[in-house]
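A structural walkthrough
Residues per chain, in single letters:
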Amino acid sequence: MRVAFLGPVGTYGEQAALQLIALEGWGDAVLVPQLGIRAVVQALARGDCDAAVVPVENSVEGGVTACLDALWEHPDLAVVRALVLPVRHALVGSGSLEGISEVLSHPQALAQCSQWLAEHLPRALQLPTSSTADAARMVAGSRFRGAIASRQAAVEHGLQVLAYPVNDVPGNCTRFLLLRRGPRAHEGPLASLAFSLHSNQPGALLEALGCFARRGLNMSRIESRPSKREMGEYIFFVDLELPQAAGVLEGALEELGPLCEHLALFGAYPITNQP
Ligand SMILES: O=C(O)C(=O)C[C@]1(C(=O)O)C=C[C@@H](O)C=C1
């Protein structure tokens, strides 16, 4: 089992991948680091890997757009499991906190620590990197550069923890998805889907969402992304909490289908919250 994740070692993606692999019971899994979230998805789509782990949503910064776009663009990929991981960032480096004039990290992580940075390092330049652990790798050996990363990344890349925690919201967490190639399964209490509508008429989205409301299906998330074809044209990404009873989702999708230009169910899957 080759599992693609956002590398290098020490990312939150790696932590999530290890836990998802344990939940699946894949004793023989090998982690294969990739350079970006799109590269993680492509490694799976191309067949270089058997599974992929990607962040889809953060509790503070919202949707990870590269993941949403990739799900829409790859109908051959399925969501098989989700994990909500607590994300507790540290400022890591080799110098002292006072000497830091540049802070490197993944843009999501910089955003999750923006108030802390404004308060404690207001003059430091913020530089984006492809992942938090890549930032840790890049600051190693420098006395004026720090990285926002996990404490594990500090261990992996031989750095000290200069401040912890530095995330603005104590409950900061990120939901990760385990993706595989093949048919999109219906085996859990959470369903993820996306649709684009035929019409841009008043009430078109209300009519579409009525398919869920009338069946008592609770929508736990809705998010729109531009179709990238025309200004003002959107794709709606929806998560639904499914009841025990069989057939409710299928009924909703049957009614929704004719209203949509394109409708994609990414899967119905189990979700684990790590305390
Ligand atoms: O850079 C990492 O460590 C990642 O796993 C990426 C990522 C993200 O893209 O959201 C994942 C979790 C955190 O929210 C910050 C960054």
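My aim in this report is to walk through the structure given alongside it, one point at a time. Quick caveat, the model's predicted, so the values are computed rather than measured. (Residues numbered from 1 in each chain as written. Predicted model: local features only at pLDDT ≥ 70, side-chain atom pairs only at ≥ 80, totals over all residues. Heavy atoms only, no water.)

Thoughts on helix α2 (residues 37-45)
Along an α-helix, residues three or four apart share an orientation, since each turn contains 3.6 residues. All buried positions along α2 are accounted for by Ile37, Val40, Val41, Ala43 and Leu44. Angularly, the buried residues of α2 cover 155 degrees about the axis, an arc narrow enough to put them on a single face. On its buried face, α2 is in contact with β1 (2-6), β2 (30-34), β3 (51-58), α3 (65-73), β5 (77-86) and β11 (173-181). One or two residues past the end of α2 sits Gly47, with phi positive at roughly 95 degrees. (Buried < 20%, exposed > 50% of the residue type's maximum accessible area, 1.4 Å probe, protein only. Helix = DSSP H or I, 4+ residues; strand = E, 2+ residues; numbered from the N terminus. Arc of directions from axis to C-beta. Contact = heavy atoms within 4.5 Å.)

Quick word on the site of the ligand
Taken together, the neighbourhood of the ligand is formed by 14 residues, with Tyr12, Gly13, Gln112, Thr132 and Thr174 sitting nearest. A distance of 3.0 Å separates an oxygen atom of the ligand from a polar atom in the backbone of Gly13. Take His106: an N or O atom from its side chain is 3.4 Å from an oxygen atom of the ligand. In the complex, the protein chains occlude 100% of the 360 Å² of accessible area that the ligand would expose alone. (Near = heavy atom within 4 Å. Polar contact = N/O pair within 3.5 Å; in protein donor to acceptor, adjacent residues only side chain to side chain. Areas by Shrake-Rupley, 256 points an atom, 1.4 Å probe, with all protein chains shown as cover.)

Brief notes about empty space enclosed by the protein
Across all of its chains, the model carries two cavities of 30 Å³ or more by this definition. Contributing to the lining of the largest cavity are 17 residues, with Tyr12, Pro55, His106, Gln108 and Phe176 lying nearest its centre. Looking at the lining of the largest cavity, the element that brings in the most residues is helix α4 (residues 107-112), giving three residues. Split by domain, the residues of the lining of the largest cavity number at least three in each of domain 1 (2-86 + 173-181) and domain 2 (90-163). If you add up the space inside the second largest cavity, you get close to 70 Å³. Lining the second largest cavity are 14 residues; nearest its centre among them are Leu71, Ser192, Arg221, Asp239 and Phe266. Those elements giving two or more residues to the lining of the second largest cavity turn out to be α3, β11, β12 (190-197), β14 (234-241) and β15 (260-269). Looking at the lining of the second largest cavity element by element, the count peaks at three residues for β14. (1 Å grid on protein atoms, 1.4 Å probe; cavity = no way out; pocket = protein on both sides within 12 Å on 5 of 7 lines; lining within 4 Å. Points joined across faces, edges and corners; volume = space filled by probe spheres on them. Domains from an automatic or database assignment.)

Structural notes on the layout of surface pockets
The rolling of a water-molecule-sized probe over the atoms marks out the regions of remaining empty space. Considered as a void within the structure, the largest pocket measures approximately 330 Å³ in volume. Lining the largest pocket are 17 residues; nearest its centre among them are Leu197, Ser199, Gly232, Glu233 and Tyr234. Looking at the lining of the largest pocket, the elements that each hand over two or more residues are β12, α8 (204-213) and β14. The element contributing the most residues to the lining of the largest pocket is β14, with three residues. Residues belonging to the lining of the largest pocket are distributed by class as follows: seven nonpolar, seven polar and three charged. Roughly 260 Å³ of internal volume is contained in the second largest pocket. Together, 14 residues line the second largest pocket, and Gly188, Leu242, Pro243, Gln244 and Ala245 are the ones closest to its centre. For the lining of the second largest pocket, the element with the highest residue contribution is helix α9 (residues 248-256), accounting for three residues. Grouping the constituent residues of the lining of the second largest pocket by class yields eight nonpolar, four polar and two charged. (Nonpolar A, V, L, I, M, F, W, Y, C, P; charged D, E, K, R; others polar.)

Quick word on the pattern of salt bridges
Scanning the model with the defined rule gives 17 salt bridges in all. Note that Asp69 and Arg225 form a salt bridge whose closest N and O atoms lie 2.7 Å from each other. A residue pair is termed long-range when its members are at least 10 positions apart, and Asp69 in helix α3 and Arg225 in strand β13 (residues 218-226) qualify at 156 residues. Classification of Asp69 as buried rests on a relative accessible area of 8%. Connected through shared salt-bridge partners, Arg38, Asp69, Glu73, Arg225 and Lys228 make up one network. (Salt bridge = Lys/Arg side-chain N within 4 Å of Asp/Glu carboxyl O.)

Describing the side chain of Glu102
In this structure, Glu102 sits in strand β7 (residues 102-105). At a separation of 2.9 Å, a polar atom in the side chain of Glu102 contacts the side chain of Arg145.

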